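Architecture and fold: a report
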Amino acid sequence: MADEQRIDPEEDPEAALEALAEGRAPETPARRRRLARAALFGMRDARRSARIGIGVGALALAVALGIGVLALTRDTGDEGGGVVVTDDIAAGARSGTIYVRSRGVGQESVGTGVLVDAAAGLVLTNFHVIALGGDLQAGEPDRLDDAEIRAAAPCEDLALLEVEGVDDRTAITLGRQGDVAQGDPVVALGYPVSASGGKSLTTTAGVVSTVRTPLRLPAPDQPRLTNLVQTDAALGAGNSGGPLVGADGRLVGVNTILFTGAADAPSADQGYAIGVDRVRELLADFREGRSRAWFGAGLLTPPPGVLARERLPAGILATSAQDGTSAAELRLEEVLITAIGGTRVGSSLASYCEAVSDVESGESRDITVIAGPGGREQTVSVEFD
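Residues numbered from 1 in each chain as written. Predicted model: local features only at pLDDT ≥ 70, side-chain atom pairs only at ≥ 80, totals over all residues. Heavy atoms only, no water.

Glancing now at the overall build of the protein. In terms of helices and strands, the protein carries nine helices and 18 strands. Accessible surface, the protein as shown: approximately 15700 Å² in total, 46% of it carbon and sulfur. (Helix = DSSP H or I, 4+ residues; strand = E, 2+ residues; numbered from the N terminus. Areas by Shrake-Rupley, 256 points an atom, 1.4 Å probe, with all protein chains shown as cover.)

Next up on the list: the sheet that holds strand S2 (residues 107-117). Spatial strand order, S1-S2-S3-S6-S5-S4: six strands in a closed barrel with antiparallel pairing. Averaged over all adjacent pairs, the angle separating strand axes in this sheet is 40°, with direction ignored. Sheet analysis places strand S5 (residues 143-153) next to strand S6 (residues 158-163), joined by six bridges and oriented antiparallel. Opposite Ala-147, over in S6, you have Val-163 as the bridge partner. Its contacts with the sheet put helix H6 (residues 276-287) on S2, strand S3 (122-125), S5 and S6, and the angle it makes with S6 is roughly 45°. (Pairing = 2+ DSSP bridges. Axes fitted to C-alpha atoms, helices over the stretch in contact; angles between N-to-C directions. Contact = heavy atoms within 4.5 Å.)

Right, let's talk about the pairing of strand S9 (residues 228-231) for a bit. Side chains Leu-228 and Gln-230 project from S9 onto one buried face, and the interleaved Val-229 and Thr-231 project onto a second face that is buried too. In this structure, strand S8 (residues 202-213) lies alongside S9, joined through three bridges in antiparallel fashion. Across the sheet, residue Thr-210 finds its bridge partner in S9, namely Gln-230. (Buried < 20%, exposed > 50% of the residue type's maximum accessible area, 1.4 Å probe, protein only.)

Moving on, we come to the side chain of Asn-126. Take Asn-126: it is sitting in the loop between S3 and strand S4 (135-140). Other than its neighbours up to four places away in sequence, Asn-126 contacts Asp-157, Leu-158, Ala-159, Ser-240, Gly-241, Val-254, Asn-255, Thr-256 and Ile-274.

Our next topic: empty space enclosed by the protein. Tallied over the full model, the rule gives two cavities of 30 Å³ or more. What lines the second largest cavity is simply Gly-133, Gly-134, Leu-136, Ile-149, Trp-294, Gly-296, Ala-297, Gly-298, Ser-320, Ala-321 and Gln-322. Of all the secondary-structure elements, those providing two or more residues to the lining of the second largest cavity are strand S13 (297-300) and strand S14 (316-321). Considering only residue class, the lining of the second largest cavity consists of five nonpolar, six polar and no charged. (1 Å grid on protein atoms, 1.4 Å probe; cavity = no way out; pocket = protein on both sides within 12 Å on 5 of 7 lines; lining within 4 Å. Points joined across faces, edges and corners; volume = space filled by probe spheres on them. Nonpolar A, V, L, I, M, F, W, Y, C, P; charged D, E, K, R; others polar.)

This structure, assessed with the given rule, holds 14 salt bridges. Arg-169 serves as the salt-bridge partner of Glu-140, at 4.0 Å between the closest nitrogen and oxygen. One end of the pair, Glu-140, is in strand S4; the other, Arg-169, is in the loop between S6 and strand S7 (185-190), and 29 residues separate them in sequence. With its nearest N and O atoms 2.9 Å apart, the salt bridge here joins Asp-277 to Arg-212. With Asp-277 in helix H6 and Arg-212 in strand S8, this residue pair connects regions lying 65 residues apart in the sequence. Since its relative accessible area comes to 45%, Arg-212 is described here as partly exposed. Ionic contacts of the salt-bridge type, sharing partners, join the residues Glu-156, Arg-278 and Glu-281 into one network. (Salt bridge = Lys/Arg side-chain N within 4 Å of Asp/Glu carboxyl O.)

Here it is, written out as structure tokens:
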């Protein structure tokens, strides 16, 4: 805590990042995340472009490391939660566990995906893993192929990618939550960030703590998820979007959140995966290219303090756009969304989701944006994918 107080990341962001790299940052993950995020806020992008996103690139750069604020904070080994990882549970799922990398607005985000159709190259992952938009690749860390977003649901934190070069791998079969019971063994697979800098597929084991539960303490950058499987299997940065499988090797859920408790009320780590029943419901639309509440751009949540400093109102940041979408056609990249269909949007993903709750795939809505500090609001009609 003393180091966090001594370093002002807005005044000296390089010193703050150096402290993180040298291990002089606060001990708790939450404080390290706050320091890293604030440091990046201080390092504003001086670049300007001729497109509509002039001046907001710095906000996108700043928010990039804030993806999944509740989630994914520690490295993992080969067992956790007091349950031994047996090879027969994990073996079948390894081939269907995909490394995912997203690059955009000068930053990189990595995570994991679940191969659901090898022949078609369909990989399911968290929306927050690909929220930077832009350049998407997937496969293995040392052999990545191009990927595109086939459909997405930011308010469900899910996205379906089309990935090349995975037709020789084995998809993970979807299970059903009705076949899952409290106390059942589960294994989480993924590519967590390693202290050694490695990018290796890891497995961690645990049990199902709760078969179905809503997210009761959402962060600004988390949607209000209603069907989560809680587990004590250890999750780490990079596990987002990866599979949580049961003893039969079938998918129980898509790993998305690690909750470590509040600062004044610490608790044992609680991992959460989007329940496979909800995955099934969305996947049917995704396969047909129908998204939910998505118009083609990545979405991030800038903190209110940063918006106030830049003299910007509350809003959600649109990052890079996917080719072939309305966002790409209108060049809605690196802009602040302040209203949708006349409904004001606050600085939380939940507020965005409320504003688009009645939007169907293929429908159009007026979206009000600001291109940068001091800019005026502009309204354009956008078709939702």
